[in-house]
Amino acid sequence: MWLFAINGKSGGGRGLKAWRKVEAELKRLDVDYAAVLSETPETARRAITRLLREHNGIVQDEAPRQRLKAITIIGGDGTIHGILPAVCDSGVPLGIIPAGSGNDTARAFGIPKRPLDALRIVLQGRAYPADIIAMRDPKSDIGYRPVLTALAAGFDSAIAAAVNRSVYKKLCNLIGAGSFAYVIGLIQVLLTFRPRPIAVTVDGETHCFRQGWMAAVCNASAYGGGLRICPDAKPDDGMLNVCVVHSCTPLQLLRLFPLILSGKHTRLPYVALFSGQAVAVEDMAGDPAKPAIAVYGDGEPAGELPLYAEAAGNRIEVLR
Ligand SMILES: Nc1ncnc2c1ncn2[C@@H]1O[C@H](COP(=O)(O)OP(=O)(O)OP(=O)(O)O)[C@@H](O)[C@H]1O
């Protein structure tokens, strides 16, 4: 049986529209499926965990149920992020039907944009192992927070926060230009954000930046709706790629972003790149009066600096 988890609100309602098309196709093809239409990440996770137990768990003295072949998310990066803790280590592969604003996860795995094309990939059922970013999080049930695309801290996380709070995100989604919301967010945050001293430790080696604008820790090459912040990042190479932007003027930072779209920013002197298996990012400002630097994972709030993360393989498989 194929399980579909749908966030109808993702992409400003694109999730629901995509599901209608997918459901009609599943019926036409006479595919056996179950659907979870959720209001929050928590309700989605709970429903998926229960279905996994009922269908794929070993129940004594009971006729075996049809096993779940895949858990397919219809939504954006935030929806996938919210459901990851239920899918990781479940032994059931993740399918993706992109229906968000940014869709960087789908982009990382080469999933087509159109729902029925993406459904075809799901139903073909070819699963490949992928890495996750395991971010240390003592508060989570499993001791870490799984992230699939990237962790952002600094100027970039401030943009994610501004976009998520904004009215223009909804408007951009309405006109089918979800990625443009991040361009507006960028200009908005540029007016207020100030760089801070940060320390980035990669596999035990520490690099200090007196004027750290942002640090992105990536499993996938793009975040923020196609910004190729770590162009060499691959979600199945067992490594994390790190991009630090530091010691530049706000104008230089603004000029950087169009270059990130093509990945050409990596040649600039105020961009530092690293790769490794374990990464820590710490705020060295040491001023408790200053607000902490927010961390975003897959475009969702994921705490504050310091962040500690590792590339973790064998926790998830993706249909691609
Ligand atoms: N399973 C879920 N069901 C309902 N709402 C969810 C679920 N998971 C996350 N959400 C909420 O819905 C919001 C939007 O979802 P999502 O991030 O997938 O879409 P988006 O923001 O349009 O796309 P993207 O993240 O690709 O830019 C999330 O920020 C989160 O608050």
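Owing to the predicted nature of the structure, the values given are computational and were not obtained by experimental measurement.

Some words on the overall build of the protein
Phase 1 of the analysis: Helix and strand counts for the protein come out as nine helices and 15 strands.
Phase 2 of the analysis: Taking 20 Å as the expected radius of gyration for a compact globule of 320 residues, we find that the protein reaches 20 Å, a close match to that expectation.
Phase 3 of the analysis: Projected onto its principal axes, the C-alpha positions of the protein cover 65 × 45 × 35 Å.
Phase 4 of the analysis: Relative to its full complement of 320 residues, the protein shows a buried share of 48%.
Phase 5 of the analysis: Counting contacts in the protein only where the partners sit at least 6 residues apart, residues at least 24 apart contribute 72% of the total.

Points about the site of the ligand
Phase 1 of the analysis: Close to the ligand lie 22 residues, the nearest being Ser10, Gly76, Gly78, Gly100 and Gly102.
Phase 2 of the analysis: When contributions to the shell around the ligand are tallied by element, the ones reaching two or more residues are α1 (10-28), α2 (41-56) and α3 (77-87).
Phase 3 of the analysis: For the shell around the ligand, the element with the most residues is α3, which contributes five residues.
Phase 4 of the analysis: The residue makeup of the shell around the ligand, split by class, is three nonpolar, 15 polar and four charged.

A look at the pairing of strand β2 (residues 33-37)
Two faces belong to every sheet, and in a regular strand the side chains alternate between them.
Phase 1 of the analysis: Taken together, the five bridges between strand β1 (residues 2-6) and β2 define a ladder with parallel strand orientation. Counterpart to Ala5 in the pairing with β2 is Val36.
Phase 2 of the analysis: With respect to chirality, the unit in which β1 leads through α1 into the neighbouring parallel β2 is right-handed.

A look at the nonpolar core
Phase 1 of the analysis: Counting 95 residues, the largest nonpolar core has Leu151, Ala216 and Val217 as the members making the most contacts within it.
Phase 2 of the analysis: At seven residues, strand β9 (residues 205-218) tops the list of elements feeding residues into this core.
Phase 3 of the analysis: Inspection of this core shows a minimum of three residues originating in each of domain 1 (2-125) and domain 2 (150-319).
Phase 4 of the analysis: Leave out the neighbours within four places in its chain, and Ala216 touches Ala150, Ala152, Asp156, Tyr223, Ile229, Cys230, Val242 and Cys243.

Section: the UniProt feature "transmembrane region" (unreviewed entry) in the protein
Phase 1 of the analysis: The UniProt feature table records "transmembrane region" (unreviewed entry) at residues 171-191.
Phase 2 of the analysis: As a span, residues 171-191 carries 71% helix and 0% strand, and end to end its C-alpha atoms are 22 Å apart.

Regarding the pairing of strand β14 (residues 300-304)
Phase 1 of the analysis: Across three bridges, the pairing between strand β13 (residues 294-297) and β14 is antiparallel. Paired with Ala294 across the strands is Glu304, a residue of β14.
Phase 2 of the analysis: What sits between β13 and β14 in their antiparallel hairpin is a turn of two residues, with Asp298 showing a positive phi close to 55°.

Examining helix α8 (residues 180-190)
Phase 1 of the analysis: Among the residues making up α8, those that are buried are Ala181, Tyr182, Val183, Gly185 and Leu186.
Phase 2 of the analysis: Close packing links the buried residues of α8 with α6 (155-165), α7 (168-174) and α9 (250-262).

How each quantity is defined
Residues numbered from 1 in each chain as written. Predicted model: local features only at pLDDT ≥ 70, side-chain atom pairs only at ≥ 80, totals over all residues. Helix = DSSP H or I, 4+ residues; strand = E, 2+ residues; numbered from the N terminus. Rg over C-alpha atoms; globule rule 2.2 N^0.38 Å. Buried ≥ 20, exposed ≤ 12 C-beta atoms within 10 Å, placed from the backbone. Contact = placed C-beta atoms within 7 Å. Near = placed C-beta within 6 Å. Nonpolar A, V, L, I, M, F, W, Y, C, P; charged D, E, K, R; others polar. Pairing = 2+ DSSP bridges. Right-handed = clockwise from strand over helix to strand, strands pointing away. Core = buried A, V, L, I, M, F, W, Y, C linked by C-beta atoms within 7 Å. Domains from an automatic or database assignment. UniProt positions renumbered as here; feature names shortened; annotations may be inferred.

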